[in-house]
Amino acid sequence: MHPTATPRSSPSLAAGRGPRLRALAWAAVPALLIAGCSSTPSGDDAKDDSAAGEEQSAPEPEPVRFTDLPSPCATISGDTVGDLVPKADPEGGSALTSNDTSLSGTCLWSGLKEYQYRSLTVSLRRFESDLSLGSGDDRAQGFIAQQIEEITGDGANSDVDQEELAGTGDSAVTLAYNAEKDIDDDKQDFRQQRVVVRTGNVVITVDYAGTGLEGDDLPGAKGIKERAETAAAEAVDRLGATAADEGQDADGAEDGADTDKKDDE
């Protein structure tokens, strides 16, 4: 932004602020992520009725660390939302529909401050152990590859930079990239970051995006990356704290790195 510059007159932006903000918000959310929130994770359907007649000595699935999920909109503090998404509307985020909130959930925050737009999406996906599909941890680890492929396999994304992220959860990957979106029949460039973290049998996916409207500058790649990773670490901590409050075995679930907030410079 240019704080000393004379404010520009933008009747079109002001008049269409609500609809345009909604369009920007949905454009920044990966389509497969939206689809995944409305369906039950694969392999978690009800087991065959014949299982009820199995003998007690039959093998049992491996116990999982997490048996429930917190509300995705409660995984990020108000202070962090205020830093990542200035003027977020609503401040508490918007939860996307999930058929089973114990297995999956997603929350979206978006905000427009002057000509700078930001959006933050936090998605939670929990996996149960299954004798035919594997342990909850192994299934969650496999899901990370799907989340990565969603970005690297999309030809609309450019300048993709993938790195391992140490110190957050049991395993984590961070991906920086640029994307061009169609907004109200106009092309708009976005700076984006995805962080995918596995902690136990849960995968946390954080998507953070920013752009400058009306010709304003794109946000810096470094600031977008650092803020996305901060949100991911906070979500990991919140997941572990929720499990501890509910008496679950959350050992190792609070391995999130203590990431200081950094200015987007």
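Worth saying up front: this structure is predicted, and the values here are computed from it rather than measured.

Participant: Tell me what's going on with the packing of aromatic side chains, and back it up with residues and numbers.
Facilitator: What the rule picks out here adds up to two aromatic pairs. With a centroid separation of 6.3 Å and 90° between ring planes, the pair formed by Tyr 117 and Phe 190 is classed as edge-to-face. Linking Tyr 117 in strand β3 (residues 116-126) with Phe 190 in strand β6 (residues 186-199), this pair joins segments that are 73 residues apart in sequence. Of the two residues, Tyr 117 and Phe 190, both sit in the buried class. Look at Phe 127 and Phe 143: their rings are 5.4 Å apart centre to centre, the planes differ by 55°, and that puts the pair in the tilted class. One end of the pair, Phe 127, is in the loop between β3 and α5 (136-152); the other, Phe 143, is in helix α5, with 16 residues separating them in the sequence.

Participant: Tell me what's going on with the nonpolar core, and back it up with residues and numbers.
Facilitator: Nonpolar side chains tend toward joint burial in soluble globular proteins. With 29 residues, the main nonpolar core has Ile 76, Trp 109, Leu 120, Val 122, Ile 204 and Val 206 as its most contacted residues. Elements that contribute at least two residues to this core include exactly α4 (78-84), β2 (104-113), β3, β6, β7 (202-212) and α6 (221-245). Apart from the residues lying within four places of it in its own chain, the contact partners of Ile 204 are Val 122, Ser 123, Leu 124, Val 195, Val 196, Val 197, Ala 235, Val 236 and Leu 239. Ranked by size, the runner-up nonpolar core spans twelve residues in total, among them Ile 144, Val 173, Leu 175 and Ala 179.

Participant: How would you sum up the state of the cysteines? Please name residues and give values.
Facilitator: Evaluation of the coordinates by the stated rule reveals one disulfide. With a sulfur-sulfur separation of 2.0 Å, Cys 73 is cross-linked through a disulfide to Cys 107. On the sign convention where negative means left-handed, the S-S torsion of about 95° between Cys 73 and Cys 107 marks this disulfide as right-handed. Residue Cys 73 is located in the loop between α3 (31-37) and α4, and its partner Cys 107 is located in strand β2; the two are separated by 34 residues in the primary sequence. Here the two residues Cys 73 and Cys 107 agree in accessibility, since each one is buried.

Participant: Which residues make up the environment of Arg 65, and what values go with them?
Facilitator: Structurally, the position occupied by Arg 65 is in the loop between α3 and α4. Side-chain polar atoms of Arg 65 contact the side chain of Asp 170, separated by 3.4 Å. A polar contact is formed between the side chain of Arg 65 and the side chain of Thr 199, at a distance of 3.3 Å.

Participant: Talk me through the pairing of strand β5 (residues 171-183); I want residue IDs and the actual numbers.
Facilitator: Of all 13 residues in β5, ten are buried; the element is thus mostly enclosed. As paired elements, strand β4 (residues 157-164) and β5 share six bridges and run antiparallel to each other. Within β5, the position partnered with Glu 164 by the bridge is Val 173. Hairpin connection of β4 to β5: six residues between the antiparallel strands, including Gly 167 at a positive phi of 85°. By the bridge criterion, 13 bridges tie β5 to β6 in an arrangement that is antiparallel. Opposite Ile 183, over in β6, you have Asp 186 as the bridge partner. Taken together, β5 and the strand that follows it, β6, pair antiparallel across an intervening segment of two residues, in which Asp 184 is found at a positive phi of about 50°.

Rules of the game
- Residues numbered from 1 in each chain as written.
- Predicted model: local features only at pLDDT ≥ 70, side-chain atom pairs only at ≥ 80, totals over all residues.
- Heavy atoms only, no water.
- Phe/Tyr/Trp six-rings, centres within 6.5 Å; stacked < 30°, edge-to-face > 60°.
- Helix = DSSP H or I, 4+ residues; strand = E, 2+ residues; numbered from the N terminus.
- Buried < 20%, exposed > 50% of the residue type's maximum accessible area, 1.4 Å probe, protein only.
- Core = buried A, V, L, I, M, F, W, Y, C linked by side-chain atoms within 4.5 Å.
- Contact = heavy atoms within 4.5 Å.
- Disulfide = S-S within 2.5 Å.
- Polar contact = N/O pair within 3.5 Å; in protein donor to acceptor, adjacent residues only side chain to side chain.
- Pairing = 2+ DSSP bridges.

By themselves, these are just geometric observations and shouldn't be taken as functional.
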